[in-house]
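# Structural description and commentary
The chain contents come next:
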2 protein chains.
Amino acid sequence: MANALPVPDTRVLAVASHVVSGYVGNKIAVFVLQSLGCDVAALNTVQFSNHTGYRQWKGTKVSAQEIKDLYDGLKQSYLDDFDMMLSGYIPGAEAVDAVGAIGRELQEKSKGIPGKFFWVLDPVMGDNGRLYVAEDVVPAYRSLIHHADLILPNQFEAELLSEAKIVDMDSLTNAIQLMHDKFKVPHIVITSVNLDAPDQPPSHLSVIGSSMTSTGKARLFKIVFPSIDCYFSGTGDMFAALMVIRMREAVHHASGEVRFTPSWLSDDSIPAVELPLAKAAEKVLASMHEVLSKTSKGMTKVVDRTTDDMAPEDRVDDKKVHLVRSKAAELQLVRNLDCLRSPSTQFHAKAM
Amino acid sequence: MANALPVPDTRVLAVASHVVSGYVGNKIAVFVLQSLGCDVAALNTVQFSNHTGYRQWKGTKVSAQEIKDLYDGLKQSYLDDFDMMLSGYIPGAEAVDAVGAIGRELQEKSKGIPGKFFWVLDPVMGDNGRLYVAEDVVPAYRSLIHHADLILPNQFEAELLSEAKIVDMDSLTNAIQLMHDKFKVPHIVITSVNLDAPDQPPSHLSVIGSSMTSTGKARLFKIVFPSIDCYFSGTGDMFAALMVIRMREAVHHASGEVRFTPSWLSDDSIPAVELPLAKAAEKVLASMHEVLSKTSKGMTKVVDRTTDDMAPEDRVDDKKVHLVRSKAAELQLVRNLDCLRSPSTQFHAKAM
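Remember, predicted model here, so these are calculated numbers, not experimental data.

### So, the overall build of chain A
For chain A, the count of helices and strands is ten helices and twelve strands. Radius of gyration (C-alpha) of chain A: 20 Å, near the 20 Å computed for a compact globule of 352 residues. Within the span of chain A, comprising 352 residues, buried residues form 62% of the whole. Here the contacts in chain A between residues at least 6 apart in sequence split such that 71% fall between residues at least 24 apart. Total accessible area computed for chain A in this model is approximately 13500 Å², and 51% of it derives from carbon and sulfur atoms. Between the averaged position of the 36 positive side-chain charges in chain A and that of its 43 negative side-chain charges there is a distance of 3 Å.

### Some remarks on the interface of chain B and chain A
Counting residues at the interface gives 60 residues for chain B and 60 residues for chain A. The tally of links from chain B across to chain A stands at ten salt bridges. A salt bridge links Asp9(B) to Lys301(A); the nearest nitrogen and oxygen atoms lie 2.9 Å apart. Taken together, the links from chain B to chain A amount to 36 residue pairs in polar contact (both at pLDDT 80 or more).

### Quick look at empty space enclosed by the protein
Per the stated rule, a full pass over the model turns up three cavities of 30 Å³ or more. When its volume is computed, the largest cavity comes out at roughly 190 Å³. His18(A), Lys27(A), Val30(A), His18(B) and Val30(B) are the residues nearest the centre of the largest cavity, which is lined by 16 residues in total. Those elements that place two or more of their residues in the lining of the largest cavity are helix H1 (25-35) and strand E2 (38-48) of chain A together with helix H1 (25-35) and strand E2 (38-48) of chain B. Among the residues making up the lining of the largest cavity, the classes are represented as six nonpolar, eight polar and two charged. Lining the second largest cavity, in full, are Ala14(B), Val15(B), Ala16(B), Gly25(B), Asn26(B), Ala29(B), Leu86(B), Ser87(B), Gly88(B), Asp122(B), Asp237(B) and Ala240(B). Of the residues contributing to the lining of the second largest cavity, the split by class is six nonpolar, four polar and two charged.

### A few points about the relation of the copies chain B and chain A
For the pair of chain copies, the relating transformation is a rotation about an axis with a translation along it. It takes a turn of 180 degrees to lay chain B on chain A, together with a shift of 0.0 Å along the axis; the resulting RMSD is 0.0 Å. Taken together, these values place the two copies in the relation of a two-fold axis. Residue Phe31(B) of chain B places its C-alpha closer to the rotation axis than any other residue of that unit, at 3.4 Å. In this assembly, 100% of the residues forming the interface of chain B have copies in chain A that are likewise at the interface, indicating an isologous arrangement.

### A look at the UniProt feature "domain: Pyridoxamine kinase/Phosphomethylpyrimidine kinase" (unreviewed entry) in chain A
According to UniProt, the positions carrying the feature "domain: Pyridoxamine kinase/Phosphomethylpyrimidine kinase" (unreviewed entry) are residues 118-242 of chain A. Structurally, residues 118-242 of chain A comprises 30% helix and 26% strand, and the distance from its first C-alpha atom to its last is 14 Å.

### Here we look at unusual backbone geometry
Residue and element names in this part refer to chain B. The residue Ser263 is not glycine, and still its phi comes out positive at about 55 degrees. Position of Ser263 relative to the elements: it lies in the loop between helix H7 (235-253) and helix H8 (276-307). Positioned with a positive phi, Trp264 is a non-glycine residue whose angle comes to about 50 degrees. Tracing the sequence through the fold places Trp264 in the loop between H7 and H8. On the basis of relative accessibility, which here comes to 2%, the residue Trp264 falls in the buried class.

### A few points about the pattern of salt bridges
Residue and element names in this part refer to chain A. Inspection of the entire model under this criterion finds 40 salt bridges over all chains. Between Glu159 and Lys165 there is a salt bridge; the shortest N-O distance is 3.5 Å. Given a relative accessible area of 15%, Glu159 falls into the buried group. Lys165 sits in the exposed class, given a relative accessible area of 62%.

### Observations regarding the environment of Gln34(A)
In this structure, Gln34(A) sits in helix H1. Separated by 99 residues in sequence, Gln34(A) and Val133(A) have C-alpha atoms that sit 28 Å apart. When residues no more than four places from it in sequence are discounted, the contact partners of Gln34(A) are Val40(A), Tyr23(B), Lys27(B), Phe31(B) and Val334(B).

### Points about the sheet that holds strand E11 (residues 220-226) of chain B
Strand order in the open sheet made by the ten strands is E3-E2-E1-E4-E5-E8-E9-E10-E11-E12 (chain B), with mixed pairing throughout. Edge positions in the sheet fall to strand E3 (59-61) and strand E12 (350-351) of chain B, since each of these pairs with one other strand and no more.

### Some remarks on the packing of aromatic side chains
Applying the stated criterion across every chain, the model contains seven aromatic pairs over all chains. Lying across the ring of Tyr23(A), Lys27(A) places its NZ or CZ 5.1 Å from the centre.

### Thoughts on a negative patch on the surface
Residues and elements named next belong to chain A. A cluster of acidic side chains, namely Glu94, Asp97, Glu135 and Asp136, defines a negative patch on the protein surface. Mapping Asp97 onto the fold places it in helix H3 (residues 93-109). Residue classification places Asp97 among the partly exposed residues on the basis of a relative accessible area of 42%.

### With respect to the nonpolar core
Counting residues in each nonpolar core, the largest one holds 126 residues, and the members touching the most others are Leu33(A), Met238(A), Met243(A), Leu33(B), Met238(B) and Met243(B). Setting aside chain neighbours within four positions, we find Leu33(B) in contact with Val12(B), Ala14(B), Cys38(B), Val40(B), Leu86(B), Ala241(B), Val244(B) and Ile245(B).

### What to know about the environment of Ser211(B)
Residue and element names in this part refer to chain B. With respect to the secondary-structure elements, Ser211 resides in strand E10 (residues 204-211). Using a relative accessible area of 1% as the deciding quantity, one classes Ser211 as buried. For the pair Ser211 and Ser49, spaced 162 residues apart in sequence, the C-alpha to C-alpha distance is 38 Å. Of note is the side chain of Ser211, whose polar atom sits 2.7 Å from the side chain of His187.

### Describing the sheet that holds strand E9 (residues 187-193) of chain A
Residue and element names in this part refer to chain A. If you walk across this open sheet you meet the ten strands as E3-E2-E1-E4-E5-E8-E9-E10-E11-E12, and the pairing is mixed. The sheet is open, and its two edges are formed by strand E3 (59-61) and strand E12 (350-351), each paired on a single side. Strand direction decides the pairing type here: E2 and E3, joined by three bridges, are antiparallel. Across the sheet, residue Phe48 finds its bridge partner in E3, namely Gly59. Across the sheet, helix H8 (residues 276-307) is in contact with strand E8 (150-151), E9, strand E10 (204-211) and strand E11 (220-226); its angle to E11 comes to roughly 10 degrees.

### Brief notes about the packing of H1(A) against helix H7 (residues 235-253) of chain A
Residue and element names in this part refer to chain A. Axis separation between H1 and H7 bottoms out at 8 Å; the angle between their running directions is 30 degrees. When the interaxial angle is binned, H1 and H7 end up roughly parallel. As for how H1 packs across H7, the hand of that crossing is right-handed. Contacts between H1 and H7 involve Gly25, Ile28, Ala29, Val32 and Leu33 on the former and, on the latter, Asp237, Met238, Ala241, Leu242, Val244 and Ile245.

### A closer look at the side chain of Gln155(B)
Structurally, the position occupied by Gln155(B) is in helix H5 (residues 155-162). For Gln155(B), the contacting residues outside a window of four places in its chain are Ile166(B), Leu172(B), Ile190(B), Thr191(B), Val193(B), Asn194(B) and Leu195(B).

About the thresholds
Residue positions are given per chain, counting from 1 as you read along its sequence in written order. Going through the entries in the order they are written, you letter the chains from A and number the ligands from 1. Owing to the predicted nature of the model, reporting of local features is limited to residues with pLDDT of at least 70; listing and counting of side-chain atom pairs is limited to 80 or more, with chain, interface and lining totals taken over all residues. The side-chain figures draw on all heavy atoms in the structure; neither hydrogens nor water molecules are used. Per the convention used, a helix needs a DSSP run of H or I reaching at least four residues, while a strand needs a run of E reaching at least two, with both numbered from the N terminus. Note that the radius of gyration is over C-alpha atoms, with the globule rule given as 2.2 Å times the number of residues to the power 0.38. Throughout, exposure labels follow a simple rule: accessible area from a 1.4 Å probe, protein chains only, divided by the maximum for the residue type, with under 20% read as buried, over 50% as exposed, and the rest as partly exposed. Contacts are residue-level and defined by heavy atoms, with any inter-residue pair within 4.5 Å sufficient. The Shrake-Rupley method, run with a 1.4 Å probe, gives the accessible areas here. Residue values count only the displayed protein chains as cover. Neither His nor the chain ends is counted toward charge; the positive residues are Lys and Arg and the negative residues Asp and Glu. Charged groups are reduced to one reference atom each: NZ for lysine, CZ for arginine, CG for aspartic acid, CD for glutamic acid. Salt bridges are counted wherever a side-chain nitrogen of Lys or Arg sits within 4 Å of a carboxyl oxygen of Asp or Glu. As used in this structure description, the phrase polar contact means that two N or O atoms lie within 3.5 Å; if the pair is within protein, one of them must be able to donate a hydrogen and the other to accept it, and residues adjacent in sequence are counted only when both atoms belong to side chains. Throughout, the protein atoms alone are placed on a 1 Å grid, and a set of points is a cavity if a 1.4 Å probe fits but cannot get out or a pocket if it is open with protein on both sides within 12 Å along at least five of seven lines; lining residues have an atom within 4 Å of a point. Grid points are joined across faces, edges and corners, and a volume is the space filled by probe spheres set on the points. Under this grouping Gly is polar, as are all residues other than the nonpolar Ala, Val, Leu, Ile, Met, Phe, Trp, Tyr, Cys and Pro and the charged Asp, Glu, Lys and Arg. A residue counts toward the fit only if its pLDDT is at least 70 in both copies, and the copies are then superposed by least squares on the C-alpha atoms of those residues. UniProt positions are given in the numbering used here, feature names are shortened, and annotations may be inferred rather than shown by experiment. By definition, two strands form a pair when at least two bridges between them are found by DSSP. Working definition: rings of Phe, Tyr and Trp (its six-membered ring) pair if their centres are within 6.5 Å, and the pair is stacked with planes under 30 degrees apart, edge-to-face with planes over 60 apart, and tilted otherwise. Our definition puts a charge over a ring when NZ of Lys or CZ of Arg is within 6 Å of the ring centre and also within 35 degrees of the ring normal. A patch consists of residues whose relative accessible area exceeds 30% and which take part in no salt bridge; residues with like charges are grouped when within 9 Å of each other, and nonpolar side chains (Val, Leu, Ile, Met, Phe, Trp, Tyr) when within 5 Å. By convention a nonpolar core is built from buried Ala, Val, Leu, Ile, Met, Phe, Trp, Tyr and Cys residues, the set being connected through side-chain atoms within 4.5 Å. Axes here refer to lines fitted to C-alpha atoms; in helices the fit is confined to the stretch in contact. Angles between the N-to-C directions go from 0 to 180 degrees. Angular relationships are summarised with four words: roughly parallel below 35 degrees, roughly antiparallel beyond 145, roughly perpendicular across 65 to 115, and oblique for the angles in between. By definition, any crossing whose near helix is turned counterclockwise from its far helix by less than a right angle is left-handed, and any crossing with a clockwise turn is right-handed.

Below, the structure written as structure tokens:
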């Protein structure tokens with residue numbers, strides 16, 4: 001099995017939320033990364049009983065100071081030798097700054113060796129037109145993005161960062177070019193895009209990605225995949241964790257010396273669909289699709305198990321029905337490791 | 001791969017420490033449990049940068065109140081439907097009481113259905129004659145043990161609980177009988193026993209286990225295994241997590257109805273070496289031995305990777321050498337999943 005691991009020895013710092021029960025943030029990222037062979041340092045930015053999609057939860061956030069302290073703890077014991085960093089949900093602008101300082105310090109440390117350190121940043125701010133962080137988190141991210149190697153905004157977050165409205169594929173690709181220009185961020189993937197397009201049938205979504213050229217021009221690709229009609233939490237976090245692995249895998253298998261170039265940026269001769277970023281996203285979406293399909297199929301069992309213990313009047317109470325549905329929609333990952341390791345589904349990137 | 005999972009759908013509440021970097025407490029238990037197919041709710045009792053064996057660390061403990069709150073958070077959203085609970089390191093007597101209350105509540109909830117809930121309690125208090133918790137944690141554990149189904153003390157912790165000195169195999173087996181008598185605890189395994197015995201060659205350790213009979217008599221078995229000459233942290237936590245899985249697996253494969261009996265206690269006709277507890281411990285030790293062997297072999301690589309970045313004078317500084325050694329002795333688990341899932345080593349329990 002060791003031979004089947006997609007990446008060489010890889011030490012990742014994962015900064016995100018922790019939930020006791022369920023699968024979002026670091027609770028899903030750490031397992032995904034570990035299952036595919038990464039040694040993960042998990043810096044948890046909150047400890048909540050469950051994700052906020054349930055609309056009720058208990059627990060506490062970790063302060064910016066504590067984030068700094070934990071990182072200092074790693075440093076003082078030679079535990080800061082990271083190959084990659086994945087940053088996800090961070091509660092509050094001050095904490096975003098603290099995590100940003102960590103990323104910059106790790107970059108600084110390895111700057112003599114191009115390609116040694118790679119930072120995947122998921123700018124978690126909101127979705128579907130709604131912010132779910134404080135307003136000052138947006139400028140905190142804007143001042144951070146130009147340090148990241150790869151960012152993974154959803155459509156709404158891409159609007160916030162580019163400060164351009166996205167209404168169709170043209171404005172979306174324009175937003176990507178704007179982000180390359182503004183932040184010099186080398187790699188961008190916009191996740192779960194739901195815009196009319198002739199090549200996107202109904203009940204399908206797409207991701208649009210780009211690795212910029214040496215002159216900062218976007219190299220755009222698109223991958224279309226079927227959507228599953230259910231609201232899942234944690235999909236963005238799972239996508240990000242899988243991108244960490246598959247991006248590293250792709251540059252390790254790429255011809256040439258891309259893994260020894262700053263930010264793993266491919267030579268201008270490489271077309272969009274041949275980019276390591278496109279190869280990585282194809283595999284990630286295959287795993288995602290399989291895990292979501294399995295989750296969808298397994299939901300009834302979770303509902304049954306849970307409602308068995310409930311009073312009949314509770315089973316029709318709206319609030320309680322929502323809780324049970326949220327629980328049933330938790331990603332079913334641990335018994336479906338094959339979907340992560342060796343998905344059989346295939347999606348293909350197309351140039352745009 | 002799904003078919004190869006050793007246990008049916010199993011939801012475990014794991015209460016223990018979290019370290020950002022490295023593998024002790026929940027950081028190892030959660031991965032072990034998830035890799036073998038359990039849905040784990042991870043309630044972290046601390047978040048430290050690294051384990052305390054480094055002799056320096058940063059981070060904070062979670063209060064008893066927060067432990068209660070997190071559990072209340074689970075309860076209010078129907079997330080407390082656990083099949084098993086694993087409790088490990090808990091900081092302070094008040095927090096031990098809080099975790100004890102959770103275990104008792106889960107037991108109470110399922111008391112109409114024998115065998116529905118099983119609590120594995122690792123009474124983490126100290127090792128080698130030295131307490132590493134506050135003194136009032138000892139009586140807190142003593143008042144808790146009689147609720148647990150399986151306890152996993154090391155030799156020192158067995159002395160603290162039984163209040164009997166252990167100097168040889170006779171006094172050790174006496175301590176086990178005392179714990180069965182005093183706490184009515186059904187299953188006991190004493191880990192890493194290092195006592196002179198004719199059947200224990202040099203450089204070997206043993207675990208001694210017992211599942212009591214219907215009249216409370218110990219049914220003792222012993223498993224001898226080679227020790228590896230290195231101080232590893234987290235081995236107790238890994239042992240405990242694997243016991244959760246393998247115990248459930250063993251009762252599910254046992255003939256008869258043991259999994260529907262209170263505390264999974266086997267019929268008096270079952271001899272010690274045929275106990276699910278003995279079968280479980282055999283498999284656990286096989287995995288442990290393989291992971292420790294792999295870790296031992298991989299240590300040089302970690303030392304090299306770390307010292308490469310160090311100034312020459314730091315490489316001979318005692319404190320720094322200890323830090324690097326501690327890092328190198330972190331259990332190498334994530335790239336050795338086969339050792340967990342399907343160890344090829346075989347150890348055999350003997351009756352005592």
